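# Geometric and topological summary
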Amino acid sequence: MNAAPAAAPRIDSHADARRLLQPVVVGGDILAYSYVREFHRAYGIERTIVLATQDIKMLSTSRFTDYRLEPRIHEPEGLYDALERVAGELRATDPERVLLVVGCDDCHARMLSAGKERLEAVGYTVPYIDFPLLDDITQKRRFYELCDELDIPYPRTWYFDCGDGPDELPVDELPYPLIAKPSNSAQFQDATIPRKRKIYEIESAEELAQVWHDIRTSDYAGELVLQDFIPGGDDAIRTLTTFSDANGEVRVVSGGVVCLQDHDPTALGNPLCILGEREEAIIECAKRFLARTGYRGFANFDIKFDERDGSFRFFEVNTRAGRNTYYLSLGGVNFVTLIVDEFMRGRAIPYHEAYDDFAYCCVPRYVLRRSMKNRERLAEVEGALACTRDPYPLHYEADSFMHNLWAYIMYVNQIPKFKRFYWDTDGKQLK
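Description of the structure in this document. (Residues numbered from 1 in each chain as written. Predicted model: local features only at pLDDT ≥ 70, side-chain atom pairs only at ≥ 80, totals over all residues. Heavy atoms only, no water.)

### Let's talk about the overall build of the protein
Helix and strand content of the protein: 17 helices and 16 strands. Computed over the C-alpha atoms, the radius of gyration of the protein is 21 Å, within 12% of the 22 Å expected from 2.2 N^0.38 for a compact globule of 431 residues. Taken over the C-alpha atoms alone, the protein extends approximately 65 × 50 × 40 Å along its principal axes. Within the protein, contacts between residues separated by at least 24 positions form 70% of all contacts whose residues are at least 6 apart in sequence. (Helix = DSSP H or I, 4+ residues; strand = E, 2+ residues; numbered from the N terminus. Rg over C-alpha atoms; globule rule 2.2 N^0.38 Å. Contact = heavy atoms within 4.5 Å.)

### Here's the deal with the sheet that holds strand β5 (residues 124-125)
Strands sit in the order β3-β2-β1-β4-β5 across an open sheet of 5 strands; the sheet is parallel. Because the sheet does not close on itself, it has two edges, and the strands there are β3 (65-69) and β5. Across the sheet, helix α13 (residues 335-344) lies against β1 (21-26), β4 (98-103) and β5, angled at about 125 degrees from β4, the strand it touches most. (Pairing = 2+ DSSP bridges. Axes fitted to C-alpha atoms, helices over the stretch in contact; angles between N-to-C directions.)

### Concerning the nonpolar core
Counting residues in hydrophobic clusters, the biggest one holds 96 residues, and the most contacted among them are Tyr35, Phe39, Leu83, Tyr124 and Leu368. The greatest single-element share of this core, amounting to 9 residues, is contributed by helix α2 (residues 30-43). Among all residues touching Phe39, those that are not within four sequence positions of it are Leu21, Pro23, Gly44, Ile45, Thr48, Leu100, Val336 and Val340. Grouped together as the second largest cluster of nonpolar side chains are 29 residues, Tyr154, Ile303, Phe312 and Val317 included. (Core = buried A, V, L, I, M, F, W, Y, C linked by side-chain atoms within 4.5 Å. Buried < 20%, exposed > 50% of the residue type's maximum accessible area, 1.4 Å probe, protein only.)

### Focus on the pairing of strand β12 (residues 271-276)
Burial of β12 is extensive: 5 of the 6 residues sit out of reach of the surface. Pairing between strand β11 (residues 250-261) and β12: 5 bridges, direction antiparallel. Residue Gly256 lies in a different strand from β12, and its bridge partner there is Gly276. Where β12 and strand β16 (residues 359-361) come together, 3 bridges link them in antiparallel fashion. When the sheet's bridge partners are listed, Cys273 is paired in β16 with Cys361.

### Focus on the sheet that holds strand β8 (residues 200-202)
Spatially, the 4 strands line up as an open sheet ordered β6-β9-β7-β8, and their pairing is antiparallel. Only two strands of the sheet have a single neighbouring strand rather than two, namely β6 (157-161) and β8. Here the strands of the sheet are splayed against their neighbours by 25 degrees on average, with no regard to which way each runs. Pairing of strand β7 (residues 178-182) with strand β9 (residues 223-228) involves 5 bridges; the strand directions are antiparallel. From the neighbouring strand, Leu178 faces β9, where its bridge partner is Asp228. Here helix α8 (residues 140-150) sits on the sheet and contacts β6, β7 and β9; the angle it forms with β6, its principal contact strand, is near 150 degrees. Its contacts with the sheet put helix α10 (residues 205-216) on β6, β7, β8 and β9, and the angle it makes with β8 is roughly 145 degrees.

### A look at helix α15 (residues 375-386)
The end-to-end C-alpha separation of α15 is 16 Å, in line with the 16 Å expected for 12 residues at 1.5 Å each. Residues of α15 that are buried include every one of Arg377, Leu378, Val381, Ala384 and Leu385, and no others. Projected onto a plane normal to the axis of α15, the buried residues spread over an arc of 125 degrees and lie on a single side. Exposed side of α15, more than 90 degrees from the buried face: Glu376 and Ala386 are the residues found there. Residues of α15 that are buried in the fold lie against β10 (237-244), β11, β12, β16 and α14 (365-371). A side-chain oxygen of the first residue of α15 lies 3.2 Å from the backbone nitrogen of Glu376; this N-cap is Asn374. (Expected span 1.5 Å × (residues − 1). Arc of directions from axis to C-beta. Polar contact = N/O pair within 3.5 Å; in protein donor to acceptor, adjacent residues only side chain to side chain.)

Next comes the structure, spelled out in structure tokens:
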């Protein structure tokens with residue numbers, strides 16, 4: 001039996017964080033690099049450990065990453081084993097290092113939450129809510145039950161059990177268009193499903209029948225959620241990021257208009273351009289939800305403005321920092337400092353609304369100009385881009401030439417992607 005690690009030194013100051021903190025990031029996407037750059041920008045941390053399953057060049061070429069390939073981190077035991085090995089190595093070489101682990105997607109948030117006690121035993125701070133709460137509120141049926149209780153608007157919704165449900169749905173009795181999505185996103189992410197998409201835009205009974213057959217006969221056993229399609233383009237979508245203390249009280253909030261989403265079917269719905277904009281109704285709904293659940297740490301809400309009645313309808317809560325959380329830094333608060341202050345320093349965080357003028361953008365302006373139909377909103381975005389330093393999270397002047405080269409390649413590659421998946425389909429998503 002391994003001996004328990006000695007208690008790690010406490011981080012009491014900014015200088016302690018710079019000297020002692022060792023972040024470990026699980027995953028290889030834009031959020032992973034956002035963590036890397038913001039830990040460097042906030043504390044001067046020269047090497048953030050990044051665990052990923054494949055070589056993502058914009059991360060592996062960064063001078064601020066210790067990049068490690070770990071092929072089994074999408075499985076709980078594989079992830080825990082990798083993190084325990086990292087902890088053992090660091091304790092052996094530098095017993096004073098203070099470990100922090102963060103993930104970049106839903107499945108890793110679930111695994112880190114579920115394995116919190118095991119990981120804390122080897123010295124990690126794990127800044128996620130306890131698993132029973134996470135598992136509860138990430139089930140979409142339960143999320144909407146809480147919305148009902150708290151008077152939070154959400155779309156009209158139907159549920160169908162993919163494990164024990166009917167072989168065929170009453171497709172002729174439902175209204176179209178519809179949105180179809182899994183109730184359990186993490187389980188769906190790991191399932192093998194033909195023609196799988198993150199979300200499905202359903203325009204006919206025949207299309208819904210095919211989607212139901214694909215999912216019903218797969219290894220996904222959760223519920224399929226069908227929802228009334230809220231009219232409006234990308235710029236009807238809103239994003240809200242919150243950070244709450246141990247009492248469930250929001251300490252920092254930021255958000256904006258999603259002016260352009262990814263239209264690649266494998267990444268459909270990921271925001272690529274966000275314009276900072278404050279909406280009181282959204283903030284108040286989120287505060288009620290977080291206080292009711294006693295939520296601590298980062299949460300990210302997906303919302304859409306319903307032009308039919310002027311409401312903002314909530315779709316889900318992501319129980320982690322979202323892929324685009326870097327926009328909070330653009331809004332005035334370096335997002336990694338919140339994790340360190342709340343979970344490692346025990347420092348009270350003053351209430352702050354991070355809405356400094358900003359535009360977050362992962363595509364060239366050519367893509368914006370060709371894709372955004374709302375020309376007034378486009379003018380707002382271009383004005384905000386003109387006064388936003390580093391609106392593209394992957395560009396970081398302090399990093400290596402090779403990192404910034406790969407970041408630029410990813411940036412300009414958005415042009416052929418939009419041509420294939422959006423412009424050449426007359427603005428309609430490929431099925």
